[in-house]
Protein chains: 2
Amino acid sequence: MGTALKRKAKKLLSSVKLRRTNPRVAVLGLLLAVDKPLTQDQISTRLGRNAPDKVTIYRTLESFVRAGLVHRAFLQERVWHFELADDCTEQQCHPHFTCTSCGDTHCFTGVTMPMARSPEKGFVIGHQRVQLEGFCPKCNPNL
Amino acid sequence: MGTALKRKAKKLLSSVKLRRTNPRVAVLGLLLAVDKPLTQDQISTRLGRNAPDKVTIYRTLESFVRAGLVHRAFLQERVWHFELADDCTEQQCHPHFTCTSCGDTHCFTGVTMPMARSPEKGFVIGHQRVQLEGFCPKCNPNL
DNA sequence: TAGCTAAATGCAACTAAGTTGCAAGTATTT
DNA sequence: AAATACTTGCAACTTAGTTGCATTTAGCTA
Ligand SMILES: [Mn+2]
Ligand SMILES: [Mn+2]
Ligand SMILES: [Zn+2]
Ligand SMILES: [Zn+2]
């Protein structure tokens, strides 16, 4: 991991009053670098030989979520994907697109969706999530 | 389960060329009756004493999904929720609202959302899913 | 109606994502 | 440098969903 990324990660950690430990710098630096949702397993693999323990990665991510640095980006499988909580408003994150052919996920950061309106009085819609699936350019049969 | 429901379930099964077995009639009848997403566990509990085996419920639901009778309505937890595949178009199902206070889920069947537009050439958006969370009328602090 | 067969079921064992408890280590404060 | 609250790693656990296989059954045919 680049020194610049490490510095950025440490700064971020301090800004939310989290201790600047090695596992946290590594995980946060990675999320800063890849800029797309990753699972615990993917994080572990990418950090390679001296990746922190699985439990530490989960707890690290949990602390990031609590601090508001990271979101769980719910995809359609059974595993959680985590990404930085930028490109989001209070009410909604950007849509996520997953290719049904190759499985790749893309962040549609430029796409904004109108908020759903409640069908009846009394509901308060605090947050909205949009998931998309289909073919990515690589797998598009018409291309 | 009511006789009418059973008859309806059997009819539906025949219409998609699935064998009319007891487990299938029971599970489909239940989904017809409750009209909201249920997990395998909830289905099993509601069917009570002589509910089919867990594996049978999963395989039953899988056959319904293959036949297009049922959708997996992905909610925010780690478990799958299944519901009848009506109130859906080819491109999107109705939004689902889950209350962050009491956990109840409501189907916003009347609410339609515009489809997201691809941010760049090449993506084909086949399906869109919208999840909402907030306070339900029961838990709304302003009510 | 009885028999045939492919499809469906039930059970036990398994997989894998995420959790919990606890002893040992360490970042920050003083 | 010492104190201590926070963090880490490991082992054991939980739980949703899967797999393999022997047994049963729905729907068909004779
Ligand atoms: Mn994203
Ligand atoms: Mn619904
Ligand atoms: Zn693709
Ligand atoms: Zn509620």
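Higher on the page you've got the structure.
My aim in this report is to walk through the structure given alongside it, one point at a time. (Residues numbered from 1 in each chain as written. Chains lettered and ligands numbered in written order. Predicted model: local features only at pLDDT ≥ 70, side-chain atom pairs only at ≥ 80, totals over all residues. Heavy atoms only, no water.)

## Observations regarding the packing of aromatic side chains
In step 1: Tallied over the full model, the rule gives eight aromatic pairs over all chains.
In step 2: Centre to centre, the rings of W80 of chain B and F82 of chain B are 6.3 Å apart; their planes meet at 80°, and the pair counts as edge-to-face.
In step 3: For W80 of chain B, a relative accessible area of 29% gives the class partly exposed.
In step 4: We classify F82 of chain B as buried; its relative accessible area is 2%.
In step 5: By the ring-pair criterion, three or more aromatic residues cluster together here, those being F97 and F108 of chain A together with F123 of chain B.
In step 6: In this arrangement the basic side chain of R72 of chain A is found over the ring face of W80 of chain A, its NZ or CZ atom lying 4.3 Å from the centre. (Phe/Tyr/Trp six-rings, centres within 6.5 Å; stacked < 30°, edge-to-face > 60°. Buried < 20%, exposed > 50% of the residue type's maximum accessible area, 1.4 Å probe, protein only. Lys NZ or Arg CZ within 6 Å of the ring centre and 35° of its normal.)

## Observations regarding the protein's contact with DNA strand D
In step 1: Within the structure, DNA strand D sits among 21 residues, and T21, R24, T56 and R59 of chain A together with Y58 of chain B are positioned closest to it.
In step 2: Here DNA strand D approaches the protein such that, of its atoms within 4 Å, sugar and phosphate make up 62%.
In step 3: One nitrogen or oxygen atom from the side chain of R19 of chain B is found 3.3 Å from a base nitrogen belonging to DNA strand D.
In step 4: R20 of chain B is positioned such that a nitrogen or oxygen atom in its backbone is 2.9 Å from a phosphate oxygen of DNA strand D.
In step 5: Elements with a contribution of two residues or more to the surface near DNA strand D: α2 (22-34) and α4 (54-67) of chain A together with α4 (54-67) of chain B.
In step 6: Per-class residue counts for the surface near DNA strand D are seven nonpolar, four polar and ten charged. (Near = heavy atom within 4 Å. Polar contact = N/O pair within 3.5 Å; in protein donor to acceptor, adjacent residues only side chain to side chain. Helix = DSSP H or I, 4+ residues; strand = E, 2+ residues; numbered from the N terminus. Nonpolar A, V, L, I, M, F, W, Y, C, P; charged D, E, K, R; others polar.)

Coordinates in, geometry out; function isn't part of it.
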